[in-house]
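Summary of the model geometry
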Amino acid sequence: MRLILNVLWFIFGSGFVLAIGYGLAALICFALIVTIPFGIASLRLAVYSLWPFGRTVVSRPGIGVGSGLANIIWVVVAGWWLALTHIVAGVAQCVTIIGIPFGIANFKLVPVAFWPLGREIVDLAD
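Residues numbered from 1 in each chain as written. Predicted model: local features only at pLDDT ≥ 70, side-chain atom pairs only at ≥ 80, totals over all residues. Heavy atoms only, no water.

A few points about the UniProt feature "transmembrane region" (unreviewed entry) in the protein chain
Put simply, the rule is: UniProt positions are given in the numbering used here, feature names are shortened, and annotations may be inferred rather than shown by experiment. Labels follow the DSSP assignment, with helices taken as runs of H or I lasting at least four residues and strands as runs of E lasting at least two, numbered in each case from the N terminus.
UniProt's entry tags residues 7-24, 63-81 and 87-107 with the feature "transmembrane region" (unreviewed entry), counted in the numbering of this structure. Secondary structure within residues 7-24 divides into 89% helix and 0% strand; the distance between the first and last C-alpha atoms comes to 22 Å.

Some details on the packing of helix α3 (residues 36-50) against helix α4 (residues 65-93)
Going by this rule: Helix axes use the C-alpha atoms of the stretch in contact, all axes being lines fitted to C-alpha atoms, and the angles between their N-to-C directions lie in the range 0 to 180 degrees. Every angle not falling under 35 degrees, over 145, or within 65 to 115 is termed oblique; those three ranges are roughly parallel, roughly antiparallel and roughly perpendicular. Helix crossings are classified by the rotation of the near helix relative to the far one: an anticlockwise turn of less than a right angle makes the crossing left-handed, while a clockwise turn makes it right-handed. In this analysis, two residues are considered to be in contact whenever any of their non-hydrogen atoms come within 4.5 Å of each other. Amino acids outside the nonpolar list (Ala, Val, Leu, Ile, Met, Phe, Trp, Tyr, Cys, Pro) and the charged list (Asp, Glu, Lys, Arg) are all regarded as polar, and Gly is one of them.
Two elements in contact, α3 and α4, have axes separated by 11 Å at closest approach and are oriented at 70°. In terms of their interaxial angle, α3 and α4 are classed as roughly perpendicular. You can see that α3 and α4 cross each other, and the crossing is right-handed. From α3, Phe38, Ser42 and Leu45 reach across to α4, where they touch Ala70, Ile73 and Trp74. A per-class count over the contact of α3 with α4 returns five nonpolar, one polar and no charged.

Structural notes on unusual backbone geometry
Convention followed: Residue exposure (1.4 Å probe, protein chains only): buried if accessible area is under 20% of the type maximum, exposed if over 50%, otherwise partly exposed.
Of note, Ile33 is a non-glycine position whose phi angle comes to about 60°, a positive value. Mapped onto the secondary structure, Ile33 falls in the loop between α2 (15-31) and α3. Classification of Ile33 by relative accessible area gives exposed; the value is 59%.

Notes on the packing of aromatic side chains
Spelled out, the test is: In this analysis, rings of Phe, Tyr and Trp, with Trp reduced to its six-membered ring, are considered paired at centre separations within 6.5 Å, and the interplanar angle assigns stacked below 30 degrees, edge-to-face beyond 60, and tilted for intermediate values.
Considering all chains together, one arrives at five aromatic pairs under this definition. Judged by centre distance (6.5 Å) and plane angle (85°), the ring pair of Trp9 and Phe53 falls under edge-to-face. Of the two residues, Trp9 is situated in helix α1 (residues 2-12) and Phe53 in the loop between α3 and β1 (55-59); the sequence distance between them amounts to 44 residues. Take Phe53: its relative accessible area is 13%, and that puts it in the buried class. An angle of 45° between the planes, with centres 6.0 Å apart, marks the rings of Trp9 and Phe102 as tilted. Pair noted here: Trp9 is in helix α1 and Phe102 is in helix α5 (residues 100-114), with a separation of 93 residues, a long-range link. The residues Trp9 and Phe102 share a single accessibility class, namely buried.

Things to note about α5
Here is the rule: In a helix, the anticipated span is given by 1.5 Å times the number of residues less one.
With 15 residues, α5 ought to run about 21 Å at 1.5 Å a step, and its terminal C-alpha atoms sit 22 Å apart, in line with that. Here α5 has its buried residues at Phe102, Gly103, Ala105, Asn106, Leu109, Val110, Val112 and Ala113. On its buried side, α5 packs onto α1, α2, α3, β1, α4 and β2 (119-123).

Digging into the UniProt feature "domain: Inner membrane component" (unreviewed entry) in the protein chain
In the UniProt entry, the feature "domain: Inner membrane component" (unreviewed entry) is given for residues 4-55 and 69-119. Secondary structure across residues 4-55 divides into 79% helix and 2% strand, with the first and last C-alpha atoms of the span separated by 14 Å. Spanning residues 69-119, this segment combines 78% helix with 2% strand, and its end C-alpha atoms are found 14 Å apart.

The following block contains the structure:
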């Protein structure tokens, strides 16, 4: 079932578009050198947005103060509007019964888009 939902998400649920967007953001962050940690977070978001079903986001223990400060910068620069975009897209997709799983996938992307550093994406146990 996960495979079917992930393929449908990739084609119809904007997974491909999200991955390209996050990938381009990562390339820009890598080019600016100072923002490499944000580039890594953007790549993590790109991979997660490609195949969100069957995976979840967990907090990584012991991330440190630097990661918390970087997250504050992320929220101010990009996190709030990325999270808001996922919320709006999720609500719009939940309007139809067919779009509810895609809306839930967008809601799963909200916490990691808002506060990406210090989080890890893990596979759900079968």
